[in-house]
Amino acid sequence: LNEEIAEIKQNTDLIENFDEYTEEDIRSMAKENTKDKYIRRNMKEYLNTYFSNPQAMVTTDTFVCDNGGFEDDFLYYKGYTSTYHHGSNDCTPVDASGNDIVYTLATLPTPRRFEIVTSGADDLTGIQRVKFGNKALKINDRHGHINYCRGDLGVDKIVKRFKVTDTNRDFTIWYSVALENPASHENRQPFLNIKCDRAPDNELCFDADIIKCAQYFSDPCAYDSIDVLDWSCHRFKIPKEYIDSIATLEITVADCGKSAHFGYAYIDGICEECDSSALGSATLDDINYASCNAVKARVCGTYTPPTICSNGGTWVPVEITVPGYNITNISIDTSTKTFCFDFPVSNFTNEDCLEIYAELTFNNGVFDLPEVLTNSIDICKSLYQQIIDVNNLVIGDCQDNNTSDNISDDYYYIYIDVSAQSGVTWTLERELEDPYPNENNTHTIETGTGNTSVILGPFLIQEGDWWLLFTSIDCYEELFIDAPDYCSGCDKFYETEIGNVQCSQNGSWQFDLYIPGNTGQYSLVNTNGGFGSDNYYYGMLNHIPTTPPFIPLNYNCREYTLTDVINQSCTSQFTICPPKPCDDDCDLQVEADVECYTDDYGNDYFYVNLDVSGAGQDQHYCYSTMEAPYANNPSPNTTSGTPLIYNPITGSYTIGFFTADIYLTVYLCDDGVDCSQNCRDCFKTIYIPNPDCERQKEIERGGKGKKLVFHNNNWINNKTYEELGKLIIVPNPFADNTIVFKSNMKTTEFEIYNSSGQLIKAGNFKGNEYKLKLNVSQGLYFIRYTGDNGMHGFVKIIKL
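Note that the structure is a prediction, hence the values are computed from the model and not measured. Counting restarts for each chain: residues are numbered from 1 in the order of the written sequence. In keeping with the predicted nature of the model, local features appear solely for residues at pLDDT of at least 70, side-chain atom pairs appear and are counted solely at 80 or more, and the whole-chain, interface and lining totals rest on all residues. The basis for every side-chain value is the complete set of heavy atoms in the structure, and neither hydrogens nor water enter the calculation.

J.: How should I be thinking about the environment of tyrosine 325 in this particular structure?
T.: Turning to its location among the elements, tyrosine 325 is positioned in the loop between β16 (316–321) and β17 (328–333). Residues tyrosine 325 and isoleucine 356 lie 31 residues apart in sequence; the distance between their C-alpha atoms is 8.3 Å. Beyond its immediate sequence surroundings of up to four residues, tyrosine 325 is in contact with Phe343, Asn347, Leu354, Glu355 and Ile356. Helix and strand definitions here come from DSSP, where helices need a minimum of 4 consecutive H or I residues and strands a minimum of 2 consecutive E residues; each element is numbered from the N-terminal end. Contacts are residue-level and defined by heavy atoms, with any inter-residue pair within 4.5 Å sufficient.

Okay, here's the thing in structure tokens:
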């Protein structure tokens, strides 16, 4: 003992404010150190004496919830004490040499170490000493075991061994702490540690430096700032495989590793509900298993923000995780105190059900708090539901719109089934693959609710291929629409491609023209002026320039005639309109939908629904219309203009009625400007062919409420549609790299695209079944197939 006293006096730098310690204090410290060294020299005998039969500490009726509120004092608990030098950062206390500290079995109760307290307020912090019932455990004290006003490097630990059952393996512990927070005591702060050996991932460990909301209290002893945490709840999640095994719960509270500062805690409510915790709480409430293609479930919960550090910012969850699993699409609503996330079906392997819980991290803009664990819930793969889907997509044939040579008004319809649960709304949008420059190329074409069969169109073939975008709740899918070939004019021009309209130099514009075919020439003639006949070769991509004419014709579209040089009787005509001015600040956006109308006398007209946007402050819109040459008035010389609005707002406007093809021009003008004469800086011109209203009425009558598909100039019923050819992919979704095509067509040609529209594989096969190795990453893919009849269809597949 005398040697130990001498060693302490020779290393006074290890003890803060050593000059304040009396000889009796130094002697008490030396006793603790001597006992520690004695145990280390006789560790084998020590373990045999106190831990030779750990099972003897547990009986079959001792569970974690037994005496969870210390109403029976220390029944089922053991206490241990020691001292340490550093290790508060990760709650692994060690001595000055870096060795693990040695605990000594304590007598319970021990004053200022292990005490059972009753109701009432803590005489320093004012926090209630008991959370549930009439009693609680107090570990450690603000008054030291050696020096009354100092912490004395003490480490006190309470231990309980218990049998794990299915009902108690998810349990809680309530605690409150007061930790003196000395400055510049890195890794030597007072700390709290709660752990269970059967649930190591749920260990709670923090020292005084983590809370960062210091308070000062009056006391006969002089203290530094103190971090006080009111009653808080911590959860443990013991895995199922440990049921019927023995677990050990350890709760440790330590003073400062430099001896001058204290830490103490109250423990209560083991197995009580986790709500109204000072560190915040959270609960998983419900699961919505319905999603697109049954690939994810939506899990939602509620949270209660922390109440500590009221002088800080607002506490909000900044991170949500589900330990062991992948989650996506996390959302947090701070107004309703709710959160949600998607749990993908890919988390499942061979299990039908998984047990999950969430961890939430709260932050107030200054610091993070320890993670808060939710309750555990079971989520089952077999309950995943496909809430909504789009399928049976069929692209209809070309319709010539009652014109024999004008390909610009050739149109088509598409058919699609939407499968949705009752009350679920959905939206179909159109996104052109080759839009005009500087324009919004996405347009809503249909909205609905629940199950339905939809006929979409008419769509002009000249607008090219496009994507059909399907959205509903959190569902999003893209289907590629391959426009059919033209059916007007000469058959050599049926596959003509007109696009890439763009501005060029000096206020002019141009477009691309491509006509597939072997060696040969065709002529292109601008039939409404600009330039004469030019010859081009089949199979060559040509950039067709347009010369800027005099105002106001720069708003007019161009009409062209295609003629095969060898066979002069082979002709086709088309119209193409200019882009918006590209060298000006022209934010004008125009969407035009055409509707047929029949009056009481059976006469057919059409009108145009306009959706116009882009006007800024002090701007308004105007429009003008002009009959196109391919209508009954081949040489129009007049225009008519009517103001739309004079306010910087957007909206829908209806113009018409019309009985012939028209050019529609919308202008964006400054207020006070006569847009019919002087507003020429921002415009958009659209060619609108006179629709075949009789044919539209026939389609609407034939397709309403029925599964009909337009093919070979006829509407056919669902049975005939099935006979046309259908392709099925199994399994779908698929996890391995092999899929099987099942087809009732003699020959099936297919192309496989990813969700970005990129072709990744193509092929063909004969017969009813074909196996394919498809080594692709997880995601959504589309198979475009062509059957014996030449029809195109789409099947979507999912790689898990």
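Still more ground to cover, so stick around.
J.: Sorry if this is basic, but what is going on with helix α1 (residues 2–10) here?
T.: Along an α-helix, residues three or four apart share an orientation, since each turn contains 3.6 residues. Partly exposed describes any residue whose relative accessible area lies between the buried limit of under 20% and the exposed limit of over 50%, with all areas from a 1.4 Å probe on protein chains only and scaled to the type maximum. Regarding α1, the residues found buried are Glu4, Ile5 and Ile8. An end-on view of α1 places all buried positions within 100° of arc, on one side of the element. Structural note: α1 exposes Asn2, Glu3 and Gln10 on the side pointing more than 90 degrees away from its buried face. Our arc is simply the arc of the directions from the helix axis toward the C-beta atoms.

J.: I'm lost on the pairing of strand β15 (residues 296–304) in this one. Help?
T.: Each regular strand shows side chains that alternate between the opposite faces of the sheet. Counting buried residues in β15 gives 7 out of 9 residues, a clear majority hidden from the surface. Of the strand pairs in this sheet, strand β13 (residues 281–288) and β15 are connected by 7 bridges, and their pairing is antiparallel. Looking at the pairing, alanine 282 lines up with tyrosine 303 of β15. For two strands to pair, DSSP has to find at least two bridges joining them. Alignment of β15 against strand β18 (residues 338–344), held across 7 bridges, turns out to be antiparallel. Its bridge partner lying in β18, lysine 296 is registered against proline 344.

J.: Help me understand unusual backbone geometry, please; the structure alone is not making it clear to me.
T.: Keep in mind that most residues, glycine aside, have a negative phi and that most peptide bonds are trans. Omega for the peptide link from leucine 108 to proline 109 comes to -5°, which places this bond in the cis form. Examined against the element boundaries, proline 109 turns out to sit in the loop between β2 (104–105) and β3 (114–118). Glycine 457 connects to proline 458 through a cis peptide bond whose omega is 5°. Position of proline 458 relative to the elements: it lies in strand β27 (residues 452–460). Non-glycine residue serine 259 carries a positive phi angle of around 85°. Positionally, serine 259 belongs in the loop between β11 (246–254) and β12 (263–268). The backbone of cysteine 271 sits at a positive phi, close to 85°, despite the residue not being glycine. With respect to the secondary-structure elements, cysteine 271 resides in the loop between β12 and β13.

J.: What's the story with the pattern of salt bridges in this structure? I'm lost.
T.: Pairing of side chains with opposite charge becomes possible as their charged atoms draw close. Any carboxyl oxygen of Asp or Glu within 4 Å of a side-chain nitrogen of Lys or Arg constitutes a salt bridge here. This model, assessed by the stated rule, comprises 21 salt bridges. A salt bridge links aspartate 170 to lysine 237; the nearest nitrogen and oxygen atoms lie 2.8 Å apart. Taken as a pair, aspartate 170 in strand β6 (residues 170–180) and lysine 237 in strand β10 (residues 226–237) lie far apart in primary sequence, 67 residues in all. One salt bridge connects lysine 296 with aspartate 342, and the closest N-O pair in it is separated by 3.5 Å. Here the residue lysine 296 occupies a position in strand β15, and aspartate 342 occupies one in strand β18, the gap between them amounting to 46 residues. An identical accessibility class is assigned to lysine 296 and aspartate 342; each is buried. Where salt bridges share partners, they join Glu4, Glu7 and Lys37 into one cluster.

J.: Looking at this structure, how should I read the nonpolar core?
T.: Generally speaking, soluble globular proteins have nonpolar side chains that are buried together. What is meant by a nonpolar core is a set of buried Ala, Val, Leu, Ile, Met, Phe, Trp, Tyr and Cys residues, joined one to another through side-chain atoms within 4.5 Å. Formed by 66 residues in total, the largest nonpolar core has its most connected members in Phe171, Tyr175, Leu192, Ile308, Phe343 and Ile379. Counting residues per element, this core draws most heavily on β6, at 5 residues. If sequence neighbours within four positions are ignored, isoleucine 308 has contacts with Ile211, Cys213, Leu229, Ala278, Leu279, Trp315 and Leu369. By size, the runner-up hydrophobic cluster in this structure holds 53 residues, among which are Leu428, Trp509, Leu513 and Ile576.

J.: Even after reading the chapter, I still don't get the state of the cysteines, so can you show me in this structure?
T.: The bond known as a disulfide is covalent and runs between the sulfur atoms of two cysteines. Only a pair of cysteine sulfur atoms within 2.5 Å counts as a disulfide in this structure description. Taken as a whole and judged by the stated rule, the model has 11 disulfides. Note that cysteine 65 is cross-linked by a disulfide to cysteine 271, the S-S spacing being 2.0 Å. Here the S-S torsion is close to -85°, and the disulfide linking cysteine 65 with cysteine 271 is therefore left-handed. Here cysteine 65 is found in the loop between α3 (43–51) and β1 (78–83), whereas its partner cysteine 271 is found in the loop between β12 and β13, with 206 residues between them in sequence. What makes cysteine 271 partly exposed here is its relative accessible area of 27%. Bridging cysteine 300 to cysteine 340, the disulfide has an S-S length of 2.0 Å. Taking the torsion about the S-S bond as the criterion, the cysteine 300 to cysteine 340 disulfide, at about 110°, is right-handed. Highlighted residues: cysteine 300 in strand β15 and cysteine 340 in strand β18, separated in sequence by 40 residues. On the basis of relative accessible area, cysteine 300 is assigned to the buried category, the value being 18%. The exposure class assigned to cysteine 340 is buried, which follows from its relative accessible area of 15%.

J.: Whenever I open this one, the sheet that holds strand β28 (residues 466–472) confuses me. Can you help?
T.: Hydrogen bonds between backbone atoms are what pair the strands of a sheet, whose relative direction is either parallel or antiparallel. Sheet architecture is open: 4 strands sit in the order β26-β25-β28-β29, paired in antiparallel fashion. Every interior strand has two partners, whereas the edge strands, β26 (442–449) and β29 (475–481), have only one. On average, each strand axis in the sheet is inclined to that of its neighbour by 20°, with strand direction left out of account. Direction of pairing for strand β25 (residues 425–432) relative to β28: antiparallel, over a ladder of 6 bridges. When the sheet's bridge partners are listed, leucine 432 is paired in β28 with tryptophan 466. Axis lines are fitted through C-alpha atoms, for helices just across the contact stretch, and the angle between N-to-C directions can take any value from 0 to 180 degrees.

J.: So what exactly am I meant to see when it comes to the pairing of strand β36 (residues 571–576) here?
T.: For β36, a buried count of 5 out of 6 residues is recorded, marking the element as mostly surrounded by other parts of the structure. Inspection of the sheet shows strand β35 (residues 558–564) paired to β36 by 6 bridges, in the antiparallel sense. Along β36, the bridge assignment pairs glutamate 559 with threonine 575. Once β35 ends, the chain turns through 6 residues before running back antiparallel as β36.

J.: What is the right way to read the sheet that holds strand β31 (residues 509–514) from this model?
T.: Sheet architecture is open: 3 strands sit in the order β30-β31-β34, paired in antiparallel fashion. Every other strand in the sheet has two partners, leaving β30 (497–503) and β34 (541–546) as the edge strands with one partner each. Each neighbouring strand pair of the sheet contributes to a mean axis angle of 25°, computed without reference to strand direction. The pairing of β30 with β31 spans 5 bridges and is antiparallel.

Nothing here speaks to function; it is all geometry.
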